[in-house]
Amino acid sequence: MLALTRKKGETIVINDNIEITVLGTNGDQVKLGISAPKNIPVFRKEIYEQIQQENKESVKNNFDLVKNYKK
Amino acid sequence: MVFESKNLGTIEYTQEDVINFEKGILAFEDNKEFVIIRNEDTEFYYLQSLEDDEVTFILVDLKTAMPNYNPEVEVEQLEDLGEINNNLGIYNICTVQEEMEDMTVNLLGPLVINLDTRKGKQVIVSKDDYSIKHKLFK
């Protein structure tokens, strides 16, 4: 992993169209500003992991419950 | 064509029924081709992978069950679905293990399917206060 040291207000550029700026720090929290084209989704990693986990759970469904479900 | 699904049994489908998830579904990226089958006249659908007979999702169309559900994504995120002519299907993945009434629905990561181009993807909606485990029958 590439490690770069940045100060508040400084920016890194990825692939000439994504910029990540350190907006500030508060204790062990770092606030980042991300500017990227709108077709590039940017989310907290936990959100991805939660959806992956939920998808994995949902293929273990009890299919009979839905097969027997009547409106 | 015929596919044997572990969960659904024998499925008959035509090439036009196939939906392409080029980028796959999160955690199931190896599965690109699926067919979607309605569960009789209910709001539920099955999404069966044509590459893995054990990968079957249960989907729900929330239009009637939850008319206020309004997932927003940047239109640019739908670019890889091809030209969109008002024929978008939005389906949410269900998880149900013990009882039907305990079923949960993932509101945060819906599947968007362009029914014209037969291309689909899982998106994450911008409003991240939508629940991943929303109880549908409550």
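1. Quick word on the interface of chain B and chain A
How big an interface is tends to be stated in terms of the accessible area lost upon association of its parts.
Moving on, step 1. At the junction of the two partners, chain B supplies 43 residues and chain A supplies 26 residues.
Moving on, step 2. Here chain B and chain A share three salt bridges between them.
Moving on, step 3. For Glu74 of chain B, the salt bridge goes to Lys38 of chain A, with nearest N and O atoms at 3.9 Å.
Moving on, step 4. Taken together, the links from chain B to chain A amount to eleven residue pairs in polar contact (both at pLDDT 80 or more).
Moving on, step 5. For the side of chain B that touches chain A, the secondary structure elements donating two or more residues are strand 5 (44-49), strand 6 (56-60) and strand 7 (88-95) of chain B.

2. Topic: empty space enclosed by the protein
The rolling of a water-molecule-sized probe over the atoms marks out the regions of remaining empty space.
All names here are of chain B.
Moving on, step 1. Counted according to the given criterion, the structure contains one cavity of 30 Å³ or more.
Moving on, step 2. In this structure, the largest cavity spans a volume of roughly 50 Å³.
Moving on, step 3. Lining the largest cavity we find Asn20, Glu22, Lys23, Asp80, Leu81, Lys119, Gly120 and Lys121.
Moving on, step 4. Broken down by element, the residue count for the lining of the largest cavity peaks at three residues, all from strand 10 (residues 119-122).

3. What to know about the layout of surface pockets
Moving on, step 1. One number sums up the size of the largest pocket: a volume of about 680 Å³.
Moving on, step 2. Forming the boundary of the largest pocket are 20 residues, of which Leu32, Ile34, Val42, Phe43 and Arg44 of chain A lie nearest the centre.
Moving on, step 3. Broken down by element, the lining of the largest pocket gets its largest block of residues, five residues, from strand 3 (residues 29-35) of chain A.
Moving on, step 4. Quantified by volume, the second largest pocket comes out at close to 230 Å³.
Moving on, step 5. Around the second largest pocket, the lining comprises 13 residues; the ones closest to its centre are Pro41 and Tyr48 of chain A together with Lys23, Lys121 and Gln122 of chain B.
Moving on, step 6. Considered class by class, the residues forming the lining of the second largest pocket number six nonpolar, four polar and three charged.

4. Considerations on the side chain of Asn7 of chain B
Moving on, step 1. On the secondary structure map, Asn7 of chain B appears in the loop between strand 1 (2-5) and strand 2 (9-12).
Moving on, step 2. A polar atom in the side chain of Asn7 of chain B sits 3.5 Å from the backbone oxygen of Glu54 of chain B.
Moving on, step 3. At a separation of 2.9 Å, a polar atom in the side chain of Asn7 of chain B contacts the side chain of Thr56 of chain B.
Moving on, step 4. Setting aside its immediate chain neighbours within four residues, Asn7 of chain B contacts Phe63 and Lys67 of chain A together with Asp53, Glu54 and Thr56 of chain B.

5. Quick notes on the pairing of strand 2 of chain B
All names here are of chain B.
Moving on, step 1. Relative to strand 2, strand 1 runs antiparallel, the two sharing four bridges. Counted as the bridge partner of Ser5 is Gly9 from strand 2.
Moving on, step 2. Between strand 1 and strand 2, which pair antiparallel in sequence order, lie three residues.

6. Details of the sheet that holds strand 1 (residues 11-14) of chain A
By definition, the strands of a sheet pair up through backbone hydrogen bonds, in either a parallel or an antiparallel sense.
Residues and elements named next belong to chain A.
Moving on, step 1. Across the sheet, which stays open at both edges, the three strands sit in the order 1-2-3 with antiparallel pairing between neighbours. Edge positions in the open sheet fall to strand 1 and strand 3, since each of these has one partner strand only. The sheet shows a mean angle of 25 degrees between the axes of neighbouring strands, direction not considered.

7. A closer look at the pattern of salt bridges
Moving on, step 1. The final tally for this structure, using the stated rule, is twelve salt bridges over all chains.
Moving on, step 2. Residue Lys45 of chain A pairs with Glu49 of chain A through a salt bridge whose shortest N-O separation is 3.8 Å. Of this pair, Lys45 of chain A and Glu49 of chain A both sit in helix 1 (residues 45-58), four residues apart, roughly one helical turn.
Moving on, step 3. Take Glu49 of chain A: its relative accessible area is 40%, and that puts it in the partly exposed class.
Moving on, step 4. Put simply, Glu54 of chain B and Lys6 of chain B hold a salt bridge, and the shortest N to O gap is 3.9 Å. In this pair, Glu54 of chain B sits in the loop between strand 5 and strand 6 while Lys6 of chain B sits in the loop between strand 1 and strand 2, placing the two residues 48 residues apart along the sequence.
Moving on, step 5. The class for Glu54 of chain B is partly exposed, based on a relative accessible area of 49%.
Moving on, step 6. A relative accessible area of 56% places Lys6 of chain B in the exposed class.
Moving on, step 7. It is possible to trace a salt-bridge network through shared partners that takes in Glu54 and Glu57 of chain A together with Lys133 of chain B.

Criteria and cut-off values
- Residues numbered from 1 in each chain as written.
- Chains lettered and ligands numbered in written order.
- Predicted model: local features only at pLDDT ≥ 70, side-chain atom pairs only at ≥ 80, totals over all residues.
- Heavy atoms only, no water.
- Contact = heavy atoms within 4.5 Å.
- Salt bridge = Lys/Arg side-chain N within 4 Å of Asp/Glu carboxyl O.
- Polar contact = N/O pair within 3.5 Å; in protein donor to acceptor, adjacent residues only side chain to side chain.
- Helix = DSSP H or I, 4+ residues; strand = E, 2+ residues; numbered from the N terminus.
- 1 Å grid on protein atoms, 1.4 Å probe; cavity = no way out; pocket = protein on both sides within 12 Å on 5 of 7 lines; lining within 4 Å.
- Points joined across faces, edges and corners; volume = space filled by probe spheres on them.
- Nonpolar A, V, L, I, M, F, W, Y, C, P; charged D, E, K, R; others polar.
- Pairing = 2+ DSSP bridges.
- Axes fitted to C-alpha atoms, helices over the stretch in contact; angles between N-to-C directions.
- Buried < 20%, exposed > 50% of the residue type's maximum accessible area, 1.4 Å probe, protein only.

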